[in-house]
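If you want the building blocks of each chain, they are given just below.
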Amino acid sequence: MRAADFRQLSPASRLLVINQFGINVGFYMLLPFLATYMSGQLGHGAAVIGLVLGVRNLSQQGMFLLGGTAADRLGCRPMIITGCALRVVSFGLFGVFTALPGLFTAAVLTGLAGALFNPAVRTYIMHEAGERRAETFAVFNVFAHAGTLVGPLLGAALLAVDFRVTALVACIAFAVLTVAQIVVLPRQDRAPQRGSVLGSWREVVTNRRFLAFTLALSAYFALYNQLYLMIPLEAQRVSGLSEAVAAVFVVSTAIGIAGQVRITRWCRERWSAGRSVAIGLVCMGTSFVPVLVSGPLIAAGEPDRPGIALVCLPVLLTTVLFTIGQAITNPFAMELLPIVGSERLAGTYYGFYYLVSSVVAAGVGWLAGALLDVVGGPAPWLVLLAVGLAGGIGAAALERRGWLIREPATAEGKAA
């Protein structure tokens, strides 16, 4: 990313992309180590840990629609500030409480904070970026990737001291970000919402082209989750080393930081936003071909040192292609959401989009994991390949019908 790409953003957008870096540093400083802390120091079993993490995920994804609706009706700025302030409280609770009621309360508040913050910050940027939405979200993703890289490194260093120190530092980081938002983040003019909340939701669920777009793009989230499930599992299986899992995340993060803005610029010069989304989804799906082909040929175990690099090559190639596809898809998907939806109700549309996508992602993740446990072999990879191809074909069909350009929609985002 060039410095000029950052300078071209509005002052508010620059603040929010830096804010996202801080948010990810604070989040990934603590959450990746929560399971280890709960099992090692608190003595909780895997089922309890899984339940706590599941509650956090459910409270966030289940509340996305409410968070997006609140951003439309109360304003993005208050929701961004409230979400960040809730992270101060919730991460503090993780450091204070060791009993399950306190841990569950912290998990719920952490998820609620994300549900308030995430739709609001994306809606704010959408209104702020104007015609440079994809480019702005590309820079946003670069800073998010950087925070994802720095957070676990800082968390690992602090964990050597004490988990409560990690929680305290994360609280301080979120508190600083909250104060910065209060002091610096400008208010946006907000169009009054004349209809009821149920009326707004009815508009969303009757918008046919938005629903078709959401269904196609849910493939993105279903595949994105595999960066944390199937790909690390395959890296561990073929190498027998936990370091191979770390290599997957390092490669993915490095491509995201170094290549995101360049990839978005390259696609903008050659393709429409709709075609970019379709190609990106196909790229994410076909990225699993290397492990699909090589997986049955590589036995599980611990190869000798020269063999480790060789057996990890298909996984790393999958990671590279997967991350490129992700970098192609995401900024243009964010650009298209208010076009297939409505700028007036952008937060509500964002919230519904994330809610539906998270449900689909959970289902695909369960199916892939079940196939891995029961059948093994190429079956889970074939499912993921099919998901990517189906999403890409769906997006391409919407592009051909003209549903991914502004003209077919009314000013209020009604279905064509």
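Here, the structure is the one placed above.
Reference entry: report on the structure contained in this document. In this text, all values refer to a predicted model and were calculated from it rather than measured experimentally.

**Looking at the overall build of the protein chain**
Okay, step 1: Regarding its fold elements, the protein chain presents 18 helices and zero strands.
Okay, step 2: A compact globule built from 416 residues should have a C-alpha radius of gyration of about 22 Å, and the protein chain, at 21 Å, falls within 12% of that.
Okay, step 3: Taking the principal axes of the C-alpha coordinates as reference, the protein chain spans close to 65 × 50 × 40 Å.
Okay, step 4: When the 416 residues of the protein chain are sorted by exposure, 55% land in the buried category.
Okay, step 5: Considering only contacts within the protein chain whose residues lie at least 6 apart along the sequence, 85% involve residues at least 24 apart.
Okay, step 6: Surface summary for the protein chain: the accessible area is close to 17100 Å², and the carbon and sulfur share equals 69%.

**Focus: helix α9 (residues 163–184)**
Okay, step 1: A rise of 1.5 Å per residue sets the reference length of α9, with its 22 residues, at 32 Å; its end C-alpha atoms lie 32 Å apart and thus fit the reference within 8%.
Okay, step 2: F163, T166, A167, A170, C171, F174, L177, T178 and Q181 are the residues of α9 that are buried. All buried residues of α9 lie within an arc of 135° about the axis, which places them on one face of the element. For α9, exposure combined with an orientation more than 90 degrees from the buried face picks out R164, L168, V176, V183 and V184.

**A closer look at the packing of helix α5 (residues 64–74) against helix α10 (residues 197–205)**
Okay, step 1: Two elements in contact, α5 and α10, have axes whose closest approach is 11 Å; the angle formed by their N-to-C orientations is 115°. If you check the angle between α5 and α10, you find them roughly perpendicular. Handedness of the α5/α10 crossing: right-handed. Across from L65, L66, T69 and R73 in α5, the residues of α10 making contact are V197, S200 and W201.
Okay, step 2: Tallied by class, residues from the contact of α5 with α10 come to four nonpolar, two polar and one charged.

**Here we look at the packing of aromatic side chains**
Okay, step 1: Across all of its chains, the model carries 19 aromatic pairs by this definition.
Okay, step 2: With a centroid separation of 5.7 Å and 70° between ring planes, the pair formed by F221 and Y353 is classed as edge-to-face. Here F221, found in helix α11 (residues 208–224), pairs with Y353, found in helix α17 (residues 346–374); they are 132 residues apart in sequence, far enough to count as distant.
Okay, step 3: A residue is classified by how much of its surface remains accessible, and F221, at 16% relative accessible area, is buried.

**So, the environment of V142**
Okay, step 1: Structurally, V142 can be placed in helix α8 (residues 133–159).
Okay, step 2: Residue contacts for V142: discarding those within four places in its chain leaves M1, G256, I257, Q260 and V261.

**A few points about a nonpolar patch on the surface**
Okay, step 1: Taken together, L149, V150, L153 and L154 make up a surface patch of nonpolar side chains, about 310 Å² in accessible area.
Okay, step 2: Looking at where L149 falls in the secondary structure, it is placed in helix α8.
Okay, step 3: Owing to a relative accessible area of 34%, L149 belongs among the partly exposed residues under this scheme.

**Examining the state of the cysteines**
Okay, step 1: As enumerated under the stated definition, the model contains zero disulfides in all.
Okay, step 2: Left unpaired, C84 is separated from the closest cysteine sulfur, that of C171, by 11 Å.

**Some remarks on the pattern of salt bridges**
Okay, step 1: Considering all chains together, one arrives at eight salt bridges under this definition.
Okay, step 2: Here E135 and R268 are joined by a salt bridge, their closest N and O atoms 2.7 Å apart. Taken together, the positions of E135 in helix α8 and R268 in helix α13 (residues 242–270) put the pair 133 residues apart, joining distant regions of the chain.
Okay, step 3: Taking the shortest distance from any N to any O, the salt bridge between E335 and R268 comes out at 2.5 Å. Placement of the pair is E335 in helix α16 (residues 305–340) and R268 in helix α13, with a sequence separation of 67 residues.
Okay, step 4: In the salt-bridge network here, residues are joined through shared partners; they are E135, R268 and E335.

**Observations regarding the environment of F352**
Okay, step 1: Within the element layout of this structure, F352 appears in helix α17.
Okay, step 2: Relative accessible area serves as the criterion here: at 15%, F352 is assigned to the buried category.
Okay, step 3: Sequence separation between F352 and G392 is 40 residues, and the spatial gap between their C-alpha atoms is 21 Å.
Okay, step 4: In this view, F352 contacts L65, V204, V205, F210 and L211; residues no more than four positions away in its chain are not counted.

**A few points about the side chain of R77**
Okay, step 1: With respect to the helices and strands, R77 occurs in helix α6 (residues 76–96).
Okay, step 2: No salt bridge is formed by the buried R77; its nearest oppositely charged neighbour, E128, is found at 11 Å.
Okay, step 3: Engagement of the side chain of R77 in a polar contact is seen with the backbone oxygen of I182, the distance being 2.6 Å.
Okay, step 4: Residues in contact with R77, not counting those within four places in the same chain, are Y124, Q181, I182, L185, P186 and R187.

**As for the nonpolar core**
Okay, step 1: In terms of nonpolar packing, the biggest core is built from 118 residues, with F91, F94, F213, L217 and Y353 touching the most fellow members.
Okay, step 2: With 14 residues, the single largest contributor to this core is α16.
Okay, step 3: Residues contacting F94, with those up to four places away along its chain left out, are L30, L34, Y37, L103, A106, A107, T110 and F163.

**What to know about the packing of α6 against α9**
Okay, step 1: It is at 8 Å that the axes of α6 and α9 come closest, and there the two elements cross at 165°. The orientation of α6 with respect to α9, classified from their angle, is roughly antiparallel. Crossing handedness for the pair α6 and α9: left-handed. Contact with α6, carried on its side by R77, I80, I81, C84, A85, R87, V88, F91, G92, F94 and G95, involves F163, R164, A167, A170, C171, F174, A175, L177, T178, Q181 and I182 of α9 and no other residues of that element.
Okay, step 2: A per-class count over the contact of α6 with α9 returns 15 nonpolar, four polar and three charged.

Analysis parameters
Residues numbered from 1 in each chain as written. Predicted model: local features only at pLDDT ≥ 70, side-chain atom pairs only at ≥ 80, totals over all residues. Heavy atoms only, no water. Helix = DSSP H or I, 4+ residues; strand = E, 2+ residues; numbered from the N terminus. Rg over C-alpha atoms; globule rule 2.2 N^0.38 Å. Buried < 20%, exposed > 50% of the residue type's maximum accessible area, 1.4 Å probe, protein only. Contact = heavy atoms within 4.5 Å. Areas by Shrake-Rupley, 256 points an atom, 1.4 Å probe, with all protein chains shown as cover. Expected span 1.5 Å × (residues − 1). Arc of directions from axis to C-beta. Axes fitted to C-alpha atoms, helices over the stretch in contact; angles between N-to-C directions. Parallel < 35°, antiparallel > 145°, perpendicular 65-115°, else oblique. Left-handed = near helix turned anticlockwise from the far one by under 90°. Nonpolar A, V, L, I, M, F, W, Y, C, P; charged D, E, K, R; others polar. Phe/Tyr/Trp six-rings, centres within 6.5 Å; stacked < 30°, edge-to-face > 60°. Patch = residues over 30% accessible without salt bridge, like charges linked within 9 Å, V, L, I, M, F, W, Y side chains within 5 Å. Salt bridge = Lys/Arg side-chain N within 4 Å of Asp/Glu carboxyl O. Disulfide = S-S within 2.5 Å. Lys, Arg positive; Asp, Glu negative; His and termini not counted. Polar contact = N/O pair within 3.5 Å; in protein donor to acceptor, adjacent residues only side chain to side chain. Core = buried A, V, L, I, M, F, W, Y, C linked by side-chain atoms within 4.5 Å.

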